[in-house]
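Take a look at the letters that make up each chain.
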Amino acid sequence: MSLHFELVTPARLVRSEEVYMVEVPGAEGEFGVLEGHAPFMSVVKDGPLKVYRTAGAAAEEIRIEGGFAEVSEKGLTVLAEHVVV
């Protein structure tokens, strides 16, 4: 079971990979996305995006600033205004 995840900025594609789960810092609160999640869109606030490559793995944190998240049948796409490396 895997979720297709893409992290994009206006300048470039930062990540495109298969992962287990992603936790997103949504404007209404954090939310987790697994494969098969219901479609929706959310505004993203500044904070850590947590990527879990496998079930039970430690999260990799990527700091993002602003943007939008879209969950669709294709997976999760996060369009961040800025990614802090």
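### Things to note about the overall build of the chain
Part 1 of the argument: Tallying secondary structure elements over the chain gives zero helices and eight strands in all.
Part 2 of the argument: Listed by position from the N terminus, the elements making up the chain come as β-β-β-β-β-β-β-β.
Part 3 of the argument: What you see for the chain is a C-alpha radius of gyration of 11 Å, in line with the 12 Å of a compact globule of 85 residues.
Part 4 of the argument: The principal-axis extent of the C-alpha atoms belonging to the chain is close to 30 × 25 × 25 Å.
Part 5 of the argument: Per-residue burial over the chain gives 39% buried out of 85 residues.
Part 6 of the argument: In the chain, the share of contacts with a sequence separation of at least 24, taken over all contacts with a separation of at least 6, comes to 44%.
Part 7 of the argument: Carbon and sulfur atoms make up 54% of the accessible area of the chain, which amounts to about 4900 Å² in all.
Part 8 of the argument: Seen as two clouds, the 7 positive and the 14 negative side-chain charges of the chain have centres 5 Å apart.

### Quick word on the pairing of strand β6 (residues 47-52)
Part 1 of the argument: β6 sits mainly inside the fold: five of its six residues count as buried.
Part 2 of the argument: Note that strand β3 (residues 21-26) and β6 share three bridges and pair antiparallel. Across the sheet, Val22 pairs through a bridge with Val51, a residue of β6.
Part 3 of the argument: By the bridge criterion, five bridges tie β6 to strand β7 (residues 60-72) in an arrangement that is antiparallel. The residue bridging Lys50 from the neighbouring strand is Glu61, located in β7.

### Section: the nonpolar core
Part 1 of the argument: If you look at the biggest cluster of nonpolar residues, it comprises 19 residues, and the most contacted ones within it are Phe5, Leu7, Leu49, Ile64 and Leu76.
Part 2 of the argument: Listing elements by their share of this core, those giving two or more residues are β1 (3-8), β3, β4 (29-34), β6, β7 and β8 (75-84).
Part 3 of the argument: If we ignore the near neighbours within four places in the chain, the residues touching Leu76 are Leu3, His4, Phe5, Glu6, Val22, Val24, Val33, Ala69, Glu70 and Val71.

### Section: the packing of aromatic side chains
Part 1 of the argument: On inspection of all chains with the given rule, the structure shows one aromatic pair.
Part 2 of the argument: Centre to centre, the rings of Phe31 and Phe40 are 5.0 Å apart; their planes meet at 70°, and the pair counts as edge-to-face.

### As for the pattern of salt bridges
For side chains bearing opposite charge, pairing can occur when the charged atoms are close.
Part 1 of the argument: Counted according to the given criterion, the structure contains four salt bridges.
Part 2 of the argument: Glu60 is paired through a salt bridge with Arg15; the nearest N and O atoms lie 2.4 Å apart. On the criterion of sequence distance, the pair formed by Glu60 in strand β7 and Arg15 in strand β2 (residues 13-19) is long-range, its members being 45 residues apart.
Part 3 of the argument: Where Glu60 meets Arg53, a salt bridge forms, and the shortest distance between an N and an O atom there is 3.2 Å.
Part 4 of the argument: By relative accessible area, Glu60 is classed as partly exposed at 27%.
Part 5 of the argument: A relative accessible area of 41% places Arg53 in the partly exposed class.
Part 6 of the argument: Counted as one network, the salt bridges with shared partners bring together Arg15, Glu17, Arg53 and Glu60.

Reading the values: rules and limits
- Residues numbered from 1 in each chain as written.
- Predicted model: local features only at pLDDT ≥ 70, side-chain atom pairs only at ≥ 80, totals over all residues.
- Heavy atoms only, no water.
- Helix = DSSP H or I, 4+ residues; strand = E, 2+ residues; numbered from the N terminus.
- Rg over C-alpha atoms; globule rule 2.2 N^0.38 Å.
- Buried < 20%, exposed > 50% of the residue type's maximum accessible area, 1.4 Å probe, protein only.
- Contact = heavy atoms within 4.5 Å.
- Areas by Shrake-Rupley, 256 points an atom, 1.4 Å probe, with all protein chains shown as cover.
- Lys, Arg positive; Asp, Glu negative; His and termini not counted.
- Charge placed at Lys NZ, Arg CZ, Asp CG, Glu CD.
- Pairing = 2+ DSSP bridges.
- Core = buried A, V, L, I, M, F, W, Y, C linked by side-chain atoms within 4.5 Å.
- Phe/Tyr/Trp six-rings, centres within 6.5 Å; stacked < 30°, edge-to-face > 60°.
- Salt bridge = Lys/Arg side-chain N within 4 Å of Asp/Glu carboxyl O.

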